[in-house]
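Survey of secondary and tertiary structure
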Amino acid sequence: MEYYSSHINKLIEEFSRLPGIGAKSAQRLAFHVLNMPKDQVESLAHAIVDAKENVQYCKCCYTLTDQEICPICSNPKRNKKVIMVVENTRDLAAYEKTGKFDGVYHVLHGAISPMLGIGPDDIKLKELMERISQQDVEEVIIATNSSLEGETTAMYISKLLKPAGIKVTRIASGVPVGGDLEYIDEVTLLRALEGRVEL
Ligand code: ZN
């Protein structure tokens, strides 16, 4: 038996597809939206469509950006010889917030996970290898999460890069196991960066 109108059901269904949103939260969000003033709802809907239409991958580091080349990659003050590899744009933002890293990034958009069927070809690894083969790179800092997937990815990248004679380092532990980088405070992030070890 349907309790709600089909429009409400559709809205609940769409919300429940979002990460971390269960059936109850989806209902709460749907009714919240229905109670919002119309102009706010339109503004929210526009912001979603606008972001989707205008945000793209940086052609160099693959972070999400409004431009073809992101502000970090196009900044002449950044050291292009040091590349920090992160799992996603949020992790990049976490390191950027410390203001202490003057190299550039490479965003993988995921991590290798045999359990979830995510292999090396499903993340931006080929793109990293291509980039390294075309540029003069001195060090690759692997800053993937300390989860099983993050460690697997770090080992994989290290094995790919070492034969090329590139210095490969891994951010120090101290970042809690399984902890998402974006939730870790800046001091801990800096300590992890400064204490990085060669693989
Ligand atoms: Zn970039």
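Read on for an overview of the structure. Because the structure is predicted, anything quoted here is derived from the model rather than measured.

Cut-offs and rules
- Residues numbered from 1 in each chain as written.
- Predicted model: local features only at pLDDT ≥ 70, side-chain atom pairs only at ≥ 80, totals over all residues.
- Heavy atoms only, no water.
- Pairing = 2+ DSSP bridges.
- Helix = DSSP H or I, 4+ residues; strand = E, 2+ residues; numbered from the N terminus.
- Contact = heavy atoms within 4.5 Å.
- Axes fitted to C-alpha atoms, helices over the stretch in contact; angles between N-to-C directions.
- Phe/Tyr/Trp six-rings, centres within 6.5 Å; stacked < 30°, edge-to-face > 60°.
- Buried < 20%, exposed > 50% of the residue type's maximum accessible area, 1.4 Å probe, protein only.
- Donors = N, O, S within 2.8 Å, 3.2 Å for Na, K, Ca; no water.
- Tetrahedral: all angles 85-135°; square planar, octahedral: opposite > 155°, others 65-115°.
- Core = buried A, V, L, I, M, F, W, Y, C linked by side-chain atoms within 4.5 Å.

**Concerning the sheet that holds strand 4 (residues 103–107)**
Strand order across the open sheet formed by five strands is 4-3-5-6-7, with mixed pairing between neighbours. Two strands in the sheet have a free side with no partner beyond their single neighbour: strand 4 and strand 7 (197–198). Relative to strand 6 (residues 167–170), strand 5 (residues 139–142) runs parallel, the two sharing four bridges. Its bridge partner lying in strand 6, Val 140 is registered against Val 168. Running at roughly 160° to strand 4, helix 4 (residues 89–98) makes contact with strand 3 (79–86) and strand 4 of the sheet.

**Considering the packing of aromatic side chains**
Counted according to the given criterion, the structure contains three aromatic pairs. On the numbers, 5.2 Å between centres and 70° between planes, the contact of Tyr 4 with Phe 31 is edge-to-face. Pair noted here: Tyr 4 is in the segment before helix 1 (6–16) and Phe 31 is in helix 2 (residues 23–35), with a separation of 27 residues, a long-range link. The exposure class assigned to Tyr 4 is partly exposed, which follows from its relative accessible area of 29%. Take Phe 31: its relative accessible area is 29%, and that puts it in the partly exposed class. Between Tyr 57 and Tyr 62 the ring centres are 6.1 Å apart and the planes differ by 55°, which places this aromatic pair in the tilted class. For Tyr 57, a relative accessible area of 38% puts it in the partly exposed group.

**Details of the coordination of the zinc ion**
Think of it this way: four donors in a tetrahedron around the metal ideally sit 109.5 degrees apart, and six in an octahedron ideally sit 90 or 180 degrees apart. Listed as protein donors to the zinc ion are Cys 58 (SG), Cys 61 (SG), Cys 70 (SG) and Cys 73 (SG); their distances from the metal cover 2.3 Å. For the zinc ion, the four donor atoms are set out with angles of 106 to 116° between them, so the coordination reads as tetrahedral. Here Cys 73 falls in the buried class, since its relative accessible area comes to 9%.

**Describing the nonpolar core**
One finds Met 84, Tyr 95, Tyr 105, Ile 132, Val 140 and Ile 157 to be the most contacted residues of the largest nonpolar core, which totals 38 residues. No other element matches the five residues that strand 3 contributes to this core. Excluding anything up to four places from it in sequence, Met 84 contacts Tyr 95, Phe 101, Val 104, Tyr 105, His 106, Ile 141, Ala 143 and Leu 193. With seven residues, the next largest nonpolar core counts Ile 8, Phe 15, Ala 30 and Val 33 among its residues.

On their own, these measurements won't tell you what the molecule is for.
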